[in-house]
Amino acid sequence: MDRFDRLREEIMGYFLYPGLYPYDNNQAERDIRMMKVREKISGTFRSEEHGEGFCGIRSIISSGRKQGRAILEVLAELISSPAVLGHRLAQGPE
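If you're wondering where the values come from, they're calculated on a predicted model, not measured in any experiment.

As a further point, take the packing of helix 4 (residues 48-66) against helix 5 (residues 71-80). It is at 9 Å that the axes of helix 4 and helix 5 come closest, and there the two elements cross at 135°. In this view, helix 4 runs oblique relative to helix 5, as classed from their interaxial angle. Between helix 4 and helix 5 lies a crossing of right-handed hand. Side by side, helix 4 and helix 5 meet where Ile60, Ile61, Gly64 and Arg65 of the first sit next to Ile71, Val74, Leu75 and Leu78 of the second. Each residue belonging to the contact of helix 4 with helix 5 can be placed in one class, and the counts come to six nonpolar, one polar and one charged.

Moving on: the layout of surface pockets. Taken as a whole, the largest pocket encloses approximately 270 Å³ of empty space. Forming the walls of the largest pocket are 13 residues, and the residues nearest its centre are Arg30, Asp31, Ile32, Arg58 and Ser62. Looking at the lining of the largest pocket, the elements with two or more residues in it are helix 3 (27-42) and helix 4. By residue number, the principal contributor to the lining of the largest pocket is helix 4, which donates seven residues.

What follows concerns the environment of leucine 7. Examined against the element boundaries, leucine 7 turns out to sit in the loop between helix 1 (3-6) and helix 2 (8-16). Between the C-alpha atom of leucine 7 and that of glutamine 91, which follows or precedes it by 84 residues, the distance is 34 Å.

Our focus in this paragraph is a nonpolar patch on the surface. Together, Tyr14, Phe15, Leu16, Tyr17, Leu20 and Tyr21 line one region of the surface with nonpolar side chains, adding up to about 610 Å² of accessible area. Structurally, tyrosine 17 can be placed in the loop between helix 2 and helix 3.

Quick notes on the rules
Residues numbered from 1 in each chain as written. Predicted model: local features only at pLDDT ≥ 70, side-chain atom pairs only at ≥ 80, totals over all residues. Heavy atoms only, no water. Axes fitted to C-alpha atoms, helices over the stretch in contact; angles between N-to-C directions. Helix = DSSP H or I, 4+ residues; strand = E, 2+ residues; numbered from the N terminus. Parallel < 35°, antiparallel > 145°, perpendicular 65-115°, else oblique. Left-handed = near helix turned anticlockwise from the far one by under 90°. Contact = heavy atoms within 4.5 Å. Nonpolar A, V, L, I, M, F, W, Y, C, P; charged D, E, K, R; others polar. 1 Å grid on protein atoms, 1.4 Å probe; cavity = no way out; pocket = protein on both sides within 12 Å on 5 of 7 lines; lining within 4 Å. Points joined across faces, edges and corners; volume = space filled by probe spheres on them. Patch = residues over 30% accessible without salt bridge, like charges linked within 9 Å, V, L, I, M, F, W, Y side chains within 5 Å. Areas by Shrake-Rupley, 256 points an atom, 1.4 Å probe, with all protein chains shown as cover. Salt bridge = Lys/Arg side-chain N within 4 Å of Asp/Glu carboxyl O.

Below, the structure is given as structure tokens:
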């Protein structure tokens, strides 16, 4: 049996089932895209601390999105109780 015949679903899944599979399956690339856009717009951060803060907030937003949480609620929880939020994001969706 030919490899294409065996793996037809995996190879042609995007075309056979439109909307079921993402255009690309590179979640890591999507996660850093905002950082690259920020870098292109402003060039750099004023300090290393600002860059780390930006990355930290983007990481929290990304984790919340992946778990299907409301972003404004996640950010409100970050302000009110950051330790609790970190524990909840580590546990996964409720």
